[in-house]
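Residue-level structure breakdown
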Amino acid sequence: MKMEVKQLDMYGDLKILYVVGRKALADIFPVIGEIELDEKRTSLKLDFGVGNPSTHHYSAEFPSKDGKRIFIINGRYHNTTPPTYRGEVSPCKKLYLSYKFLHEAGVAVPHVAFYPEIPQWLFTENIPGETLGQIIKKHQDRVINELHSLTKSLPYFHIRAGRSVDTLTNEEASRLFWSRSTMEQSRDFLEVLLGQRGDLDDITRLYLLIVNEAIDGDTVCHGDLSPDNIIKREGRGSYWYIDPELKLRNKFFDIGSLLGYLGCVQDDYSKLATSYLTGMIDARVQLEKDKLKEGVNESVVRESAFELSANMLHASLRIISKRKRRNEDSQSYEAQRTAISQILAAWESSPGEFLLNKEELERIKKFRDFYENQRENSIEDVCVSSNQNS
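The text that follows walks through the structure, step by step, so that each part is easy to find.

Observations concerning the overall build of the protein chain
Within the protein chain, the regular secondary structure consists of 12 helices and 12 strands. The burial tally for the protein chain puts 47% of its 390 residues in the buried class. Sequence-distant contacts in the protein chain: of pairs separated by 6 or more residues, those separated by 24 or more amount to 72%. In the form shown here, the protein chain has an accessible surface area of approximately 20000 Å², with 48% of it arising from carbon and sulfur atoms.

As structure tokens, this is what we get:
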């Protein structure tokens, strides 16, 4: 179904942010009832260029009259039609339910407020700090260290969220973790990448034979872990998560998603997989009181390196599809196209590092031929278009 973006009504949105934002402020910060606010110094603003263009992001600052504290909340207005998620709840309510689930599970996420009378709005606590994207942009030399640090902390998210699944009814779980099947998604992604062609179903089946087992799973994942959805909290150094799209997937789905957004990362997949596996051991010792701290088996690392790289490939394909649908410039997804080429080449040149057998290699080579042919054609089309416009 086509999603249509409505025109921005900044005045009306800011009015809602101020009026309803005051109520949200009290719900998010209960202590606010004991503090007198300075109404004259309250500031409201629209944050342009944040995330999805179908969503408007606002923030409101409410300083205390004594000048000692400033309370900040963020407002999100989801301005697409149809206004419902899967025909059941608004996108903002779905996000609210996801935040609520994670907060009750003990995952580091902001406090939120949602009101049924304005279902296109969600209000969240502002987390002081920088996003991982901002950190990486300013400090390119910290990319690898930040990646390994985050990868070691992700198991705490996954274990805590996984333990809380039992608190949900079947209906709640179905609504909270609903997503299209990997087959549906993959076919859509490949159609955008390769175009409409008679053998698209065959290529999709080939692709799924390669990656499906590495993507599917029962780990509760963030679902859209981009560098802008991770905040390193000011003064604490801990990672906080925003904008979850909860899905049940392979344990490497989230780190694969993050790598997909980053594009080409100059690091060994097995090293990142090891960081996650050792982080999982530490998390189990702390959260589940496991007595034995077992080591990481080499064959498990190699299998995990394949799962991680397969999830990065799938995430890269999704990002290319999303940006092409938005008619963004091809440079906006060139890093993802290059990453896919590098992953396929790595699998083919070093199968032992990923525990790949001869039959799996034949499938990879066949898919790689489809992909590289398409990429060459895309480059030729861009060159022709450039020459015509010059």
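Some thoughts on the environment of Tyr276
Considering the arrangement of structural elements, one finds Tyr276 in helix H9 (residues 269-287). The exposure class assigned to Tyr276 is buried, which follows from its relative accessible area of 1%. In sequence terms Tyr276 and Leu308 are 32 residues apart; their C-alpha atoms lie 10.0 Å from each other.

A few points about the packing of aromatic side chains
When we look at a pair of aromatic rings, we describe it by the centre distance and by the angle of the planes. With the rule as written, the count across this model stands at 12 aromatic pairs. Ring centres 5.8 Å apart and planes at 85° place the aromatic pair Phe101 and Phe177 in the edge-to-face group. Note that Phe101 is positioned in helix H2 (residues 91-105) and Phe177 in the loop between helix H5 (170-176) and helix H6 (182-194), a separation of 76 residues in sequence. Phe177 shares its class with Phe101; the two are buried. Ring centres 5.6 Å apart and planes at 10° place the aromatic pair Trp121 and Phe123 in the stacked group. Here the two residues Trp121 and Phe123 agree in accessibility, since each one is buried. Ring-pair connections join several aromatic residues into one group, and the members of that group are Tyr58, Tyr77, Tyr115, Trp121 and Phe123. The residue whose ring lies beneath Arg233 is Trp240, and the NZ or CZ to ring-centre distance is 4.6 Å.

Scoring rules and cut-offs
Residues numbered from 1 in each chain as written. Predicted model: local features only at pLDDT ≥ 70, side-chain atom pairs only at ≥ 80, totals over all residues. Heavy atoms only, no water. Helix = DSSP H or I, 4+ residues; strand = E, 2+ residues; numbered from the N terminus. Buried < 20%, exposed > 50% of the residue type's maximum accessible area, 1.4 Å probe, protein only. Contact = heavy atoms within 4.5 Å. Areas by Shrake-Rupley, 256 points an atom, 1.4 Å probe, with all protein chains shown as cover. Phe/Tyr/Trp six-rings, centres within 6.5 Å; stacked < 30°, edge-to-face > 60°. Lys NZ or Arg CZ within 6 Å of the ring centre and 35° of its normal.

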